[in-house]
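Fold and contact review
The primary structure of each chain is shown beneath.
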Amino acid sequence: MKLISYQSQKTGSKERQELIPLEHLQVVDSQETGCSSCSSDCGSPSISSVIEKKSSNSFSGELGERERDLRRPFVHKFKTEKQHYVYDVNRDRIIQVSPVVYDIIDDFGVLSVEDMVEKYSSQYTPGQIGEGFQMIRSANSHEGLFSNNHPSEIMYPLDEQSLRNLYDEDVRSLCLGVTEQCNLRCSYCSFSGTYEFHRAHNSTFMEFEVARRGIDFLRQHSILCDYVSISFYGGEPLLNASLIKECVEYANGIFGRKPVEYNMTTNATLITDEICKMWIDNDFHLMVSLDGPKEMHDRYRVNGADRGSFDKIAYNLKRLHDMSPDYYRNNIKFSVVLSPPYDFEALNDFFMHDPLADVRTMRVSGVDTQDTTFFDDFTRSDLKKKGMTELKESFFDALIHNEYEHDRPDRKHRFMQALFGDGLEKLIPTMVPTNPFPEVYHPGGICVPGLKKLFVTPAGDFFTCEKSSTAADLLRLGNLDIGLDAAKGMANIESYSHAHDGCRFCYASRHCDTCFVKASAGEKFDGKLKMSNCNKHRENFHGNLIDAMTVMEENPAAFDYLKDVEIS
Amino acid sequence: MSEHSYRSTGKGVRVAVVDTGVSPEHPYVSNVVGGVGIGFDARGDVVYNEDDYLPETLWSHGQVCAGLISHRVPDSEIYSVKILDENGTGHPAALVAAIKWCIDNDINVVNISLGTTGEKWAAKLQAECVRATKGGMILVAATHVGGLISYPSVFPETIGVGKDNRYKGYEYGYFPARIAEYVAAGSDELALEIANVQTEPGTYVSLASGTSAATARISAVIAALLEEMPRLDLAGVKDELIERQTRLPLRRSLTANLPQNLRDDNFDMQMPDLSWMRRIVIYPYDMKTHPILAFVDAFKFQVDGVVDPIHSSAHGKDAGVVYSKEPLNVPIFAELNDIPTSVDTLIIGNTDALSRGLHEDILFRILTWTVENNKNVFSFCPVESHVYRNLYESARKKNLIWYSPSNFLSAIWNTNTQELEQDIDTPVIGIFGTSYNQGKLTTQLALRKRLADAGYEIGCIGTNPIHALLEDGNCVIQDKRIPRYISLGDQIAYLRVSMAETFRRRPHLILASSHGGIIPPKLYNTNTPDFPEDYTLPALAFLMASKPDAMILTINTIDDEDYIQRSLTTLEAISQGKVVALTFADKLVHKDAYSYKQRWGRRLRPEEISRLRKRYETTFGLPIFCPDIQEQQIQLAQHIIEVFAVD
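No experiment lies behind these values; they were computed from the predicted model shown.

Basis of the calculations
Residues numbered from 1 in each chain as written. Chains lettered and ligands numbered in written order. Predicted model: local features only at pLDDT ≥ 70, side-chain atom pairs only at ≥ 80, totals over all residues. Helix = DSSP H or I, 4+ residues; strand = E, 2+ residues; numbered from the N terminus. Buried ≥ 20, exposed ≤ 12 C-beta atoms within 10 Å, placed from the backbone. Contact = placed C-beta atoms within 7 Å. Pairing = 2+ DSSP bridges. Axes fitted to C-alpha atoms, helices over the stretch in contact; angles between N-to-C directions. Parallel < 35°, antiparallel > 145°, perpendicular 65-115°, else oblique. Nonpolar A, V, L, I, M, F, W, Y, C, P; charged D, E, K, R; others polar. Core = buried A, V, L, I, M, F, W, Y, C linked by C-beta atoms within 7 Å. Expected span 1.5 Å × (residues − 1). Arc of directions from axis to C-beta. pLDDT = per-residue confidence, 0-100. Left-handed = near helix turned anticlockwise from the far one by under 90°.

**Points about the overall build of chain A**
Each helix and strand counted, chain A has 15 helices and 18 strands in total. Here chain A holds 568 residues, and the buried ones make up 46% of them. Within chain A, residue pairs in contact and separated by at least 24 positions form 78% of the contacts whose partners lie at least 6 positions apart.

**A closer look at the overall build of chain B**
Across its full length, chain B holds 18 helices and 26 strands. By residue count, 50% of the 647 residues in chain B fall in the buried class. Across chain B, the fraction of contacts at a sequence separation of at least 24, relative to all contacts at a separation of at least 6, is 74%.

**Examining the pairing of strand S2 (residues 32-40) of chain B**
Residue and element names in this part refer to chain B. Relative to strand S4 (residues 77-82), S2 runs parallel, the two sharing 5 bridges. Residue pairing in the sheet places Val32 in a bridge with Ile78 of S4. Between S2 and strand S3 (residues 46-49), which follow one another and run antiparallel, lie 5 residues, and Gly44 among them has a positive phi close to 95°.

**Regarding the interface of chain B and chain A**
The partner chain A presents 21 residues to the 22 residues of chain B that form the contact. Secondary-structure elements contributing two or more residues to the side of chain B that touches chain A are helix H8 (352-358), strand S25 (600-603) and helix H17 (606-620) of chain B.

**Quick notes on the packing of helix H2 (residues 92-104) of chain B against helix H3 (residues 122-134) of chain B**
A pair of packed helices is characterised by two quantities: the angle between their axes and the separation of those axes. All names here are of chain B. As a packed pair, H2 and H3 sit with axes 9 Å apart at the nearest point and diverge in direction by 10°. Classified by the interaxial angle, the pair formed by H2 and H3 is roughly parallel. Contact residues: Pro92, Leu95, Val96, Ile99, Lys100, Cys102 and Ile103 in H2; Lys124, Leu125, Glu128, Cys129, Arg131 and Ala132 in H3. Its residues assigned to classes, the contact of H2 with H3 comprises 9 nonpolar, no polar and 4 charged.

**As for the nonpolar core**
In this structure, Tyr87, Leu176, Ile230 and Cys247 of chain A are the most contacted members of the largest nonpolar core, which totals 145 residues. Of all the elements, helix H15 (residues 527-554) of chain A adds the most residues to this core, at 8 residues.

**Considering helix H3 (residues 126-143) of chain A**
Residues and elements named next belong to chain A. Taking 1.5 Å per residue, 18 residues should reach 26 Å; H3 reaches 25 Å between its end C-alpha atoms and fits that length. Burial in H3 covers these residues: Ile129, Gly130, Glu131, Gly132, Phe133, Met135, Ile136 and Ala139. Residues of H3 that are buried in the fold lie against helix H1 (99-104) and helix H2 (113-119).

**Describing the sheet that holds strand S22 (residues 550-555) of chain B**
Residues and elements named next belong to chain B. With parallel pairing, 7 strands are arranged side by side in an open sheet as S20-S19-S21-S18-S22-S23-S26. Every other strand in the sheet has two partners, leaving strand S20 (473-475) and strand S26 (624-625) as the edge strands with one partner each. One ladder, built from 3 bridges, connects strand S19 (residues 458-462) with S20; its direction is parallel. Looking across to S20, one finds that Ile461 is bridged to Asn474. Taken strand by strand, helix H18 (residues 630-643) contacts strand S18 (428-433), S22, strand S23 (578-584) and S26, and its axis lies near 180° from that of S23.

**So, H3 of chain B**
Residue and element names in this part refer to chain B. An ideal rise of 1.5 Å per residue puts 18 Å on 13 residues; H3 measures up with 18 Å between its terminal C-alpha atoms. Turning to H3, its buried residues are Leu125, Glu128, Cys129 and Ala132. The buried residues of H3 occupy an angular sector of 105° when the element is viewed end-on, so they sit on one face. Along H3, exposed side chains directed more than 90 degrees from the buried face belong to Ala123 and Lys134.

**Some points on the confidence of the model for chain B**
Detailed reading of the predicted coordinates is not advisable wherever pLDDT falls low. Residues and elements named next belong to chain B. In this model, chain B carries a mean pLDDT of 82, and residues with pLDDT of at least 70 account for 83%. In this model residues 193-208 is a low-confidence stretch, pLDDT under 50, and it forms 47 contacts with partners more than four residues away in sequence or in other chains. With pLDDT under 50 throughout, residues 592-596 is counted as low confidence; its partners more than four residues away or in other chains account for 14 contacts. Interface confidence for the predicted complex, expressed as ipTM, amounts to 0.76; the pTM equals 0.72.

**Quick notes on the environment of His201 of chain A**
Relative to the helices and strands, His201 of chain A is located in the loop between strand S6 (173-177) and helix H5 (208-220). Excluding residues within four positions of it along the chain, His201 of chain A makes contact with Glu180, Gln181, Cys182, Phe191 and Gly235 of chain A.

**Considering the sheet that holds strand S10 (residues 182-184) of chain B**
Residue and element names in this part refer to chain B. As summarised here, the arrangement of the 9 strands in space is S3-S2-S4-S1-S5-S7-S8-S10-S9, forming an open sheet in which the pairing is mixed. Each edge of the open sheet is held by one strand with a lone partner, namely S3 and strand S9 (172-174). On average, adjacent strands in this sheet sit at an angle of 25° to one another, irrespective of strand direction. As paired strands, strand S1 (residues 14-19) and S4 are joined by 6 bridges and run parallel to one another. Across the sheet, residue Val18 finds its bridge partner in S4, namely Val81. Where helix H1 (residues 61-72) meets the sheet, it contacts S1, S4 and strand S5 (109-112), and its direction lies at approximately 155° from that of S1.

**Here we look at the packing of H5 of chain A against helix H6 (residues 241-255) of chain A**
Residues and elements named next belong to chain A. Where H5 meets H6, the closest approach of the two axes is 10 Å, and the angle between their N-to-C directions is 30°. Relative to H6, the element H5 lies roughly parallel. Crossing of H5 against H6: the hand is right-handed. Between H5 and H6, the residues in contact are Phe208, Ala211, Arg212, Ile215 and Arg219 and Leu243, Glu246, Cys247, Tyr250, Ala251, Ile254 and Phe255, respectively.

**Some words on unusual backbone geometry**
Residue and element names in this part refer to chain A. Look at the link from Gly234 to Gly235: it is a cis peptide, with omega at 15°. Note on placement: Gly235 falls in the loop between strand S7 (228-233) and H6. Here the phi dihedral of Asp92 falls at roughly 55°; this positive angle occurs in a residue that is not glycine. Here Asp92 lies in the loop between strand S3 (84-88) and strand S4 (93-97). We note that Asn402 has phi near 50°; this positive angle belongs to a residue other than glycine. Topologically, Asn402 is positioned in the loop between helix H12 (388-400) and helix H13 (411-425). Taking the number of C-beta atoms within 10 Å as the measure of exposure, Asn402 has 12 and is therefore exposed.

**Brief notes about the confidence of the model for chain A**
In the predicted model, chain A carries a mean pLDDT of 82, and the fraction of residues at 70 or more is 85%. A low-confidence stretch, residues 1-57 of chain A (pLDDT under 50), is modelled with 122 contacts involving residues beyond four sequence positions or located in other chains.

**Examining the pairing of strand S12 (residues 279-283) of chain B**
All names here are of chain B. Counting buried residues in S12 gives 4 out of 5 residues, a clear majority hidden from the surface. Alignment of S12 against strand S13 (residues 302-307), held across 4 bridges, turns out to be parallel. By the bridge assignment for S13, Arg279 is matched with Gln302.

**Side note on the environment of Val248 of chain A**
Residues and elements named next belong to chain A. Structurally, Val248 is set in helix H6. Here Val248 falls in the buried class, since 20 other C-beta atoms lie within 10 Å of it. Distance from Val248 to Ile482, taken between C-alpha atoms, is 25 Å for residues 234 residues apart in sequence. If we ignore the near neighbours within four places in the chain, the residues touching Val248 are Tyr262, Met278 and Asn282.

**Digging into the environment of Ser498 of chain B**
Residue and element names in this part refer to chain B. Position of Ser498 relative to the elements: it lies in helix H14 (residues 488-503). A count of 28 C-beta atoms within 10 Å places Ser498 in the buried class. On a C-alpha basis, the gap between Ser498 and Val476 in space is 6.7 Å, while along the polypeptide they are 22 residues apart.

Given below as structure tokens:
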């Protein structure tokens, strides 16, 4: 980029204007999320995508021509109610700027100072423009900020050989789909038949032989892992409880001293004392679906006869709680699916006060909006997020007044944290300096397929993760006979990554959490779907930037508690 | 006595040899005209004894110095100022008195082939030197052979002389900003009989290992100069010396016709004898052991296979095909029991990751197998006899060899440092990096190979156990896991000895490849708990000890350019050498390069490599090479030859 020397301008005075001390630019660092290791949240829409953003009414996440102009600084601008900010993508930092810098920064590197003076003559004096220009230039040369550096190519950091190596040594987590059957018929479920590309419930059960081979495969391909994890997924896994018990015994036997972490996702309707004992003895991590108070939970979480499941769950969970209150508090994570008509106040109230809901962590997600007819029957008013704004304000209030304890959130904050905290916490204000983009870059969003949660179907087929549609071959990654297919994994990544080169210009690519499983539609990746995920992600990111700064304007130390937090 | 063709013979120049005394009886020194012995009375006051300037023996240190002077300027007048006893020791106060005596006796050149590292007398000594210089006297003093600060050689009032055996006879060179600004030949045939004096703390250190002789040579040259231009003062002498210095080709030793007589074949090589390794198998085959295969020609043994217990997709295939795309006829085995019986030695790489992953002492398992199957062991990880005592006893009974980092270390510990010529006058190229596991060793081995192809003899030193496998290699182990780990404080001294050991063979060039510590910006890298906070310090010690003349910086292509720039600046600032090239691997390093698990990602495409080269060349003004590519190995070697070439 050729910078125009300020001194050579014709309109300005010959005297060199005072340099603006750089301290006037208040710099706030944000931390990269890193490769978003496909946590259990992977594949499901984040809450942010279903909640309204205060400032995003007029904001669409789409990238315009402006952003694609390589001469301009690679930045993203946003405003809170009080201040103007520029997010510098190369350095991954948030910089508070004056209104004039905010306005002219897009023209830096494009227009000369003279042209800027002319363009903004109705808003600013030549002196103000010169000052702003000088400020940008100085930050550019001294701090490396506002650079127009863009990656020139988007390319995944692995090739087939290195992927094959990883498949041989680093398969840490196995997810066994122990059955495709479920005793509930939740209306919003991906497997309820209302989703175009997903299988529907059916009575397929995994045989122990398949599970055993899966566990053997995990053992042989996790040599460099310090621990492994085995998850049981369904359907409702407890419909195949005897298999799970066999698996645990077998795995405990063959892994010897290597720790095995067990996980299970369950609707908690089929718990027996024996199962509770197995969970506690083997330190199972449970993801229990609980949508809120009885009336909300029972709206959609019903059995085949349309009867709500809340009472049954409450009874079972109490039994587990009585057996080991510590286990209950620490090892259970509630999965809360937000579904219309929304009532955030009631939800918060339930999770704050109900003895049943006293667990450390919970995960909030929206109903998957992709390829479904689920939302067709709701009215506009049903879809309104009642009480959310107030809840958000109250969470911000806690942050501003340092009342929110991250390590051990008070019960009154736990639901809010799950709802609003995640996005903000990924923008951790730390002092970790970030390198500008390398020439060939890849956003951290997508995972290494099959590596983080290798899904095994009852038939012994491997899929990228448990969220993959097993009805199509797209995300199939081999099977127990041929092993993990690196060529297929690579082909998937490539066809996804090469869908378009928009990532080069995307200001949210540092914090990308889009997922290729989410962009799959039957036998192919859908470019439009991907784009819509990207737009949603950018929109969330934009909203999170505003939220974080809104809080920090009131309490600059509000996120200090995150300084020591590692994002994996 | 001697025949020479010098025009000036030192006529009328009075030269004092402040030393152990000089005898006129000596066949090489006939021009001794007087002198003084300096001692102390009972009260400790200085006593001048004009009759006592003769040495105790004819072959004393002072005699050798005087001989070297007389040989060049036979017509000069030599004065023997005796301040050292027969052991070569004396008191700093005597040196002060000696200079005083020289001033009083109108001496022109004072040869001081000695010095003190003690600071107590430095001020008095310097005051006397200042006085002498003002009177037009030229003081020539030897620098410390090990590079320590030694008085009076470091005073600006003296001409500090070091040794450099590339110079012959009375040739000398000038190297500004070094402690030894002037260098000349040390011991040669003429000076063969230099007394081997003992030293004691707080006393004079007699610099018998070469700088003394070099000092005498410079004194002689100055005496000759003063005959021609009697009015020259110190500044004038220095200017003339610079003007008349012998300009060696920048690196004479790198030219193809290195004089063979520079080689010192008398030394017992003390290189570990690895002839017991004939047919080997590597376990486990990974990034750490891959260079053995990549440069298999560098080793005398034959590689019969590799064991890769991790990557089942590679089992049964050819290691060359899997990792370098070219067949090597080296099969990949899945487990130890696949190893053919003809193999005599197992090279064990790093087993820590495996042990951690399997929650089992894999090293123990492997060692047990080797003992049961009668295989010798060369191990990258420490294999301590007291840890695996029973196995060790069994191995000993079977006459099996266990060779591991402690052995590399004891090879150096048992080195007689007195024997080592510590002035390394061979070009040293340091290879440093911005992280670990990024291709420093590959750079070194590639360069070694290509320079050898071009006819150069290379000495390799480095921290990788693979260095101990090289015939011309020397491994300076910086592995904290071995019991006799040398503390950081002593690392530099230890590394200097290793450098000198490498230099014994008189290679044309020494390639020194650092441990993977990061120099400099992340001095304390707290994000990697597996590496202690002094992770970088060993690399700094390596830099300071190897004193490279030129350096190659190995980078990761994901490195921030600022970071590379800071690394370059710091390397050059600390070493005072120059970074002459960058290298990088042909594979992408994963993003978590600086955390525990660094892995190779995809292979870079040819167009990407050429684009990156262009970009780095433009940014840093340095040529950059990818040593994984044969063509670029040759280019790198060519570049290094050019860097050291004669104009």
